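# Examination of the molecular architecture
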Amino acid sequence: MPSPHLRLPLPRRRFLTASAAIGAALALASAPARAATRPRPFGRYGAPAARLTPQTLYVDASGHGDFTSVQAAVTAATGSGWTLVIAPGTYRETVAVDPGRTEMTWLGAGDDPRDVVIVYDNAAGTPKPGGGTYGTTGSATTLVQAPGFTAHRITFANDWLRADHPGVSGTQAVAIKVQGDRSAFHRCRFLGHQDTLYADSMALTAFARQYFAHCYVEGDVDFVFGRATAVYEHCHFRTLTRTDLTSAPYGFVLAPATAGANPRGYLVTDSRVTSEAPDAYYKLARPWVPSSDTTAHPSLTVRDTHLGPGIDVVAPYANMSDSFPWQEQRFAEYRNTGPGARVTVPENRPQLTAVQAESATRETYLGDWAPWREGC
C-alpha cells in the first residue's frame, strides 16, 4: 500500500487533452531511429524547446512515444547528449543511468513535478530474487552515475513502508542515488521515508558537484545524505510524522558524509524546513562517518533558511556514532530564521561569522559550473 505521505497522483485531467494533442505527432515517428528528425512539440507544455537536442526520445506510458518506460529509453540512449521527454504518468520501475550516458537531460512534460512520477518500493532489507538483500544502494528507485545529468519537474519516489514489512530490519529505502559530477535537479520532488535522497559520488576522491533548486524533499531518518558537494537552494525539506515511535527524536533531516579531503560538503541556502510531526521531534542533522571511510569529515552549512518548530532548538544536532561526535565535524549555521532557529544553547549551534559566510555560497561550492542559469 503506498504511503499517504508520498502523494502519487495520476496525471491531472487537464493534461489528458495535452497528451492527446501531441499523440498524433508522436505516433508519426515513434521508432527511436526517427527521433532525430521529428518535430519537437513539447516546448509548449513546459519543456524549453531550445533545450531539445537532435537526440531526443519521448517516453509515454500510454504508448504514444518512443518507449513506455524510462529505463527502456535510457538503455536506447547510448553515448552522450540525449534528452528524454517524459509524458505525464506514473512509471513504476527502477531506472539506472550508467557512467557512459553523459550529459543526459530528463524533462517532465508538465508544469508541475507531480505530473511525472518515477516510483518503486525496494528497501535495503528487501530479499533479492537471486538471494541476499538489496542493501541501501540497491534499494534506489533511480540511480544516476553519469556526469552532466539534469532533471526538470519530475518526482522521484520510493513508497516502501515499514508498517507493511514489520519483519524487515533494513528500512533504508532510497528514492534516488546521485553520484555523477555536475548533476542538477530543477523543480523536482523526492519522496520517501528513510534515506530518500542519496547525494553521493563515485569514489572517495571524486568530489561530485550537485545542485538542487526549488525542490521538495520529504522523509524521516537521514533523508538527505551522502558525500557529494551539494547545494540545496530554495528547497523545501519536510519531516514526516511516525506511528512506530512514541518519543523524540523521530529522525534527522541531513546526514552528510563528506570525505576528509573535500573542503566542502552540503550547503543549504534560502530554503525552509517544515514538519508534520510534533514540535522539537526532529534534529537538523547528524554526521555520517561510514565504515568504508572512517576518515570522513562531514561538512554542512545551513544559511538564510527558515527552520520550523519541528527542529529541536536545544540540541539540533546529534551523533550517529559516539566515536565521531558532531562537535568535531564541520557543522555551521548563518542567519537562519524561524522558531527552529532560535539559539538557546550557543555551544549547540555553531554560527559562521560574516567573513566566513562570504565563502559559503553556491559559486564557491560549485566552482566553474553554474547550473542555476539552466533552470526552467
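Positions within a chain are numbered from 1, following the residues in the order the chain's sequence is written. Local features are withheld for residues below a pLDDT of 70 in this predicted model, meaning they are given only at 70 or higher, and side-chain atom pairs are given and counted only at 80 or more; totals for whole chains, interfaces and linings count all residues. Water and hydrogen atoms play no part in the side-chain values, which are based on all heavy atoms of the structure.

Under an unreviewed UniProt entry, the name given to the chain is Pectinesterase, and the source organism is Streptomyces lanatus. UniProt positions are given in the numbering used here, feature names are shortened, and annotations may be inferred rather than shown by experiment. Under the Sequence similarities (unreviewed entry) heading, UniProt states for the chain: "Belongs to the pectinesterase family."

### Thoughts on the sheet that holds strand β15 (residues 216-219)
Strands in a sheet are paired, the pairing made by backbone hydrogen bonds, and the direction either parallel or antiparallel. By definition, two strands form a pair when at least two bridges between them are found by DSSP. Secondary structure elements follow DSSP: runs of H or I of four or more residues count as helices, runs of E of two or more count as strands, with numbering from the N terminus. Spatially, 8 strands are ordered β3-β6-β9-β12-β15-β18-β21-β24 in an open sheet, and the strand pairing comes out parallel. Edge positions in the sheet fall to β3 (89-92) and β24 (306-307), since each has one partner strand and no second. In terms of strand pairing, strand β12 (residues 189-191) meets β15 through 3 bridges, oriented parallel. Residue pairing in the sheet places Leu191 in a bridge with Glu218 of β15.

### Here we look at the pattern of salt bridges
Salt bridges are defined as contacts in which a side-chain nitrogen from Lys or Arg sits within 4 Å of a carboxyl oxygen from Asp or Glu. Applying the stated criterion to the full structure yields 17 salt bridges. Residue Arg335 is joined to Asp304 by a salt bridge in which the shortest nitrogen-to-oxygen separation is 2.9 Å. Remark: Asp304 occurs in the loop between β23 (299-303) and β24 and Arg335 occurs in the loop between β25 (330-334) and α4 (354-357); sequence separation between them is 31 residues. The exposure class assigned to Asp304 is partly exposed, which follows from its relative accessible area of 21%. Each member of the salt-bridge network shares a partner with another, and the members are Arg92, Asp121 and Asp159. Each residue gets one of three labels from its accessible area relative to the maximum for its type: buried under 20%, exposed over 50%, partly exposed in between, using a 1.4 Å probe on protein chains only.

### Some remarks on the confidence of the model for the chain
A residue-level look at the chain finds 85% of positions with pLDDT of 70 or above and a mean pLDDT of 89. In the predicted structure, residues 1-5 sits below a pLDDT of 50 and forms 13 contacts with residues beyond four places in sequence or in another chain. Scored from 0 to 100, pLDDT reflects the predictor's confidence in each residue. What makes two residues a contact is simply this: any of their non-hydrogen atoms within 4.5 Å. Taken together, the stretch residues 7-51 has pLDDT below 50 and engages in 83 contacts with residues farther than four places along the chain or on a different chain.

### Some thoughts on the UniProt feature "active site" (unreviewed entry) in the chain
Using the residue numbers shown here, the UniProt feature "active site" (unreviewed entry) corresponds to Asp222. When you line up the elements, Asp222 lands in strand β16 (residues 221-226). Apart from residues lying up to four places away in sequence, Asp222 is in contact with Asp195, Phe252, Val253, Ala255, Arg286 and Met320.

### So, the environment of Pro99
The residue Pro99 is located in the loop between β4 (95-97) and β5 (105-108) in this model. For the pair Pro99 and Gly180, spaced 81 residues apart in sequence, the C-alpha separation works out to 7.5 Å. In this structure, Pro99 is in contact with Gln145, Ala146, Pro147 and Met202, ignoring residues within four places of it in sequence.

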